[in-house]
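An overview of the molecular structure
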Amino acid sequence: MNGSHVPETPGAQPALLNESEKITMTHYKILAMSWAGWVFDFYDLILFTFLLIPISKEYGFSNIQMSYVLGASLAATAIGGVIFGILSDRFGRKPVLQLTILTYSFGTFFSGMAGSFWLLMVFRIITGLGVGGEWGTGQTYIGETFPAKVRGRYCAMMQTGAPLGIALASVVGGMLAPVIGWRYCFFISLLPAFMVLFIRRHLPESDLWLRRKKIPQIPAKYRYPRLPAVRQFQELLSVENRKYFILGLILAVFDMSAYWLTYSWMPGYLHNQRNFSLTKSALWVLVTQTGGFLGYLIFGFIADRVGRRPAYSIYSVIMAFGLVMVTIFWDSIVMYPFIILFFMFMVGFGTGMFGGFGSLFSELFPTSVRSTAMGSAFNLARGVQFFTPVIISVIAVKYGLGGGISLAALFALLTGAWIWTFPETRKKKLAQGD
């Protein structure tokens, strides 16, 4: 295979990438492109949370209307996660990774041309479809190609793209938008589409996926690429896979709820309730994302060292504590800005538990449905967040945006408790025939 890392010997198959004794340049290329795809994936999704303020002012849209648009894009990620997950298991990780990047890039670009509420809704849904597909495909790509002993840390490294994407969205949406206008912020977001050229030329397909596709003893109905999409999803819900898919879906719902209850209105919370300027709101969000970057980066090392379950629990408590302090107890510490910033940092650091999903799901599901399971559970959970921005805007009428955001602490703690319904999968090896 092009990009193989081990020379072939007569009569023997080359070793799989995930059997390498050390990380190769091929590994780093896969990590880099999956990571970059996730940076701009999250950037495109979060950019809208900053631009909704100038968009709503220009068109006179209400908070509820903008919540519907944001919610619809989150709901679309659920559909995109399922569709692109199925396509990835049928046709390979590499081509589908390219397709997801093109989808969210063009969806964001055309959002800048929207002249009405419904056109904006349509283009944000298109963006959501691509956003939903990229994560599962990229995490599956990494999970299948990196050795078991370091899988957790490299899957978590891909996840560091999320805080960097948010940080980039903060700069563009909070600082650049007042200068160039919200439409041009969407237009320049087409640039990530050019990553597809590098992926097409320089990345190999997952060798575990290729090897699995060629195994002759697998019953024809489970062989790739002949497996119909409906039957493929049925396999995900089979007796062998159903339990962990449901457990994983609930885990993702808890964690997603904690995340989106925190971030869907965080810029609005700082701007409207705490009287920050848009620029200051962006700078404070950057503090959370600095914490998030370090949290994701460190999570993988902790998970590889002490296990997936303890790592999740530790991080969930950190996030919950930080959230309570910057919402419910804000007035008690408002005279100490550096302390508030520290708790904002803790909120971001705690979100680093998202770094565990890629390795956990890779170790729970077989190659035949790995991307389908990962994309479906993660993005169906994100699709449920359609209701999150709406719930916060409704609660805010009586308790303020801070009251709605504080609910995230409960879901963070639920995540840390629910992880113990899973077996410990640290250092589990992925077999070529699974």
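Rules and cut-offs
- Residues numbered from 1 in each chain as written.
- Predicted model: local features only at pLDDT ≥ 70, side-chain atom pairs only at ≥ 80, totals over all residues.
- Heavy atoms only, no water.
- Helix = DSSP H or I, 4+ residues; strand = E, 2+ residues; numbered from the N terminus.
- Rg over C-alpha atoms; globule rule 2.2 N^0.38 Å.
- Buried < 20%, exposed > 50% of the residue type's maximum accessible area, 1.4 Å probe, protein only.
- Contact = heavy atoms within 4.5 Å.
- Arc of directions from axis to C-beta.
- Axes fitted to C-alpha atoms, helices over the stretch in contact; angles between N-to-C directions.
- Parallel < 35°, antiparallel > 145°, perpendicular 65-115°, else oblique.
- Left-handed = near helix turned anticlockwise from the far one by under 90°.
- Nonpolar A, V, L, I, M, F, W, Y, C, P; charged D, E, K, R; others polar.
- Polar contact = N/O pair within 3.5 Å; in protein donor to acceptor, adjacent residues only side chain to side chain.
- Patch = residues over 30% accessible without salt bridge, like charges linked within 9 Å, V, L, I, M, F, W, Y side chains within 5 Å.
- Areas by Shrake-Rupley, 256 points an atom, 1.4 Å probe, with all protein chains shown as cover.
- Salt bridge = Lys/Arg side-chain N within 4 Å of Asp/Glu carboxyl O.
- Lys, Arg positive; Asp, Glu negative; His and termini not counted.
- Charge placed at Lys NZ, Arg CZ, Asp CG, Glu CD.
- pLDDT = per-residue confidence, 0-100.

Describing the overall build of the chain
Along the chain, the regular secondary structure elements total 20 helices and zero strands. The C-alpha radius of gyration computed for the chain amounts to 21 Å, which stays within 12% of the reference 22 Å derived for 434 residues, consistent with globular compactness. Each of the three principal axes of the chain carries a C-alpha extent, and together these read 70 × 45 × 40 Å. For the chain, buried positions account for 60% of its 434 residues. The long-range share in the chain, meaning contacts at least 24 apart out of those at least 6 apart in sequence, stands at 84%.

A closer look at the side chain of Ser371
Relative to the assigned elements, Ser371 resides in helix α18 (residues 370-384). The exposure class of Ser371 is buried, given its relative accessible area of 1%. For Ser371, the contacting residues outside a window of four places in its chain are Gly85, Ser88, Asp89, Arg93, Gly136, Thr137, Thr140 and Ser376.

Brief notes about helix α8 (residues 195-202)
Taken as a whole, α8 has its buried residues at Met195, Val196 and Ile199. Angularly, the buried residues of α8 cover 100 degrees about the axis, an arc narrow enough to put them on a single face. The exposed set on the far side of α8, more than 90 degrees from its buried face, consists of Leu197, Arg200 and Arg201. Here the buried face of α8 lies against α1 (25-59) and α3 (93-111).

Looking at the environment of Ala412
Mapped onto the secondary structure, Ala412 falls in helix α20 (residues 408-418). Considering only alpha carbons, one finds Ala412 and Val317, 95 residues apart in sequence, at a separation of 7.2 Å. Excluding residues that lie within four positions of it along the chain, Ala412 makes contacts with Ala258, Ser316, Met319, Ala320 and Met353.

Topic: the packing of helix α17 (residues 357-364) against α18
Pairs of packed helices are described in terms of their axes, by the angle between the two and the distance that separates them. At a closest axis distance of 9 Å, the pairing of α17 and α18 adopts a crossing angle of 135 degrees. Classified by the angle between their axes, α17 and α18 sit oblique to one another. Here the hand of the crossing between α17 and α18 comes out right-handed. Together, Phe357, Gly358, Phe361 and Ser362 of α17 and Arg370, Ala373, Met374, Ala377 and Phe378 of α18 make up the contact between the two elements. Grouping the constituent residues of the contact of α17 with α18 by class yields six nonpolar, two polar and one charged.

Description of the packing of helix α11 (residues 239-263) against α18
Their axes nearest at 7 Å, the elements α11 and α18 cross at an angle of 40 degrees. What the angle tells us is that α11 and α18 run oblique. Where α11 crosses over α18, the handedness of that crossing is right-handed. Between α11 and α18, the contacting residues are Phe245, Gly248, Leu249, Ala252, Val253, Met256 and Trp260 on the first element and Ala373, Ser376, Ala377, Phe378, Leu380, Ala381 and Arg382 on the second. Each residue belonging to the contact of α11 with α18 can be placed in one class, and the counts come to 11 nonpolar, two polar and one charged.

Considerations on the side chain of Thr415
By the secondary structure assignment, Thr415 is in helix α20. A polar side-chain atom of Thr415 sits 3.2 Å from the main-chain amide nitrogen of Asp255. Residues contacting Thr415, with those up to four places away along its chain left out, are Leu251, Phe254, Asp255, Tyr312 and Met353.

A word on unusual backbone geometry
Even without being glycine, Lys427 reaches a positive phi, approximately 70 degrees. Here Lys427 shows up in the segment after α20.

Regarding a positive patch on the surface
On the surface, Lys149, Arg305, Arg426 and Lys427 cluster together into a positively charged patch. Tracing the backbone shows Arg305 in helix α13 (residues 278-306). Residue classification places Arg305 among the exposed positions, given a relative accessible area of 67%.

Side note on a nonpolar patch on the surface
On the surface, Leu176, Val179, Ile180, Tyr184, Ile188, Leu191, Phe194 and Leu197 cluster together into a nonpolar patch covering about 800 Å² of accessible area. The dominant element in the nonpolar patch, judged by the number of residues it contributes, is helix α6 (residues 161-180), at three residues. By secondary structure assignment, the location of Phe194 is in the loop between α7 (182-187) and α8. Look at Phe194 and you get exposed, because its relative accessible area is 54%.

Quick look at the confidence of the model for the chain
With 91% of its residues at a pLDDT of at least 70, the chain reaches an overall mean of 84. Note that pLDDT drops below 50 for residues 1-12; the model gives that stretch 17 contacts with residues more than four away or on any other chain. Every residue in residues 216-227 scores below 50 in pLDDT, and together they form 25 contacts with partners more than four places removed in sequence or on other chains.

Observations regarding the pattern of salt bridges
For the structure on display, the rule yields 10 salt bridges. Between Glu58 and Arg183 there is a salt bridge; the shortest N-O distance is 3.6 Å. One end of the pair, Glu58, is in helix α1; the other, Arg183, is in helix α7, and 125 residues separate them in sequence. For Glu58, a relative accessible area of 47% translates into the label partly exposed. On the basis of relative accessible area, Arg183 is assigned to the partly exposed category, the value being 24%. Across the pair Arg274 and Asp331 runs a salt bridge, and its minimum N-O distance is 3.5 Å. Within this pair, whereas Arg274 is found in the loop between α12 (266-273) and α13, its partner Asp331 is found in helix α15 (residues 330-333), the two being separated by 57 residues in sequence. Looking at Asp331, the relative accessible area reads 57%, which means it is exposed.

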